[in-house]
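Tertiary structure, described
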Amino acid sequence: MPVQTSLPMAARSMAFVIKSLHGSQVTSTAVLTPEQMFNGSLIEIVTQVNNGCLSKLNAADQKTVSSLIAGINAAAKLQPSSN
């Protein structure tokens, strides 16, 4: 199954588990919106794929994951410093 198809399904599944088992909360955060849970799940999945099995994916899927990682890194640079 292509990464572009499987990632959203996996992120929705992860968000469902967070909602069902943890009341839409992660650690000590406030209750997360469905969009926040989906986005956080997607970021976690993409990061894990990039760090663990990127080389095992076909070229198109590697390109998709690399593009998503670049977007995640760019968005992280826009966040204000916690210091």
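Turning next to helix α3 (residues 59–78). Over its 20 residues, α3 extends 29 Å from the first C-alpha to the last, a length consistent with the 28 Å expected when each residue adds 1.5 Å. For α3, the set of buried residues is D61, T64, V65 and I69. Taken end-on, α3 shows its buried residues confined to a sector of 130°, consistent with a single buried face. Of the exposed residues in α3, those oriented more than 90 degrees away from the buried face are A59, A60, K63, S67, K77 and L78. In this structure, the buried residues of α3 make contact with α1 (3–22) and α2 (34–52).

Definitions and limits used
- Residues numbered from 1 in each chain as written.
- Predicted model: local features only at pLDDT ≥ 70, side-chain atom pairs only at ≥ 80, totals over all residues.
- Heavy atoms only, no water.
- Helix = DSSP H or I, 4+ residues; strand = E, 2+ residues; numbered from the N terminus.
- Expected span 1.5 Å × (residues − 1).
- Buried < 20%, exposed > 50% of the residue type's maximum accessible area, 1.4 Å probe, protein only.
- Arc of directions from axis to C-beta.
- Contact = heavy atoms within 4.5 Å.

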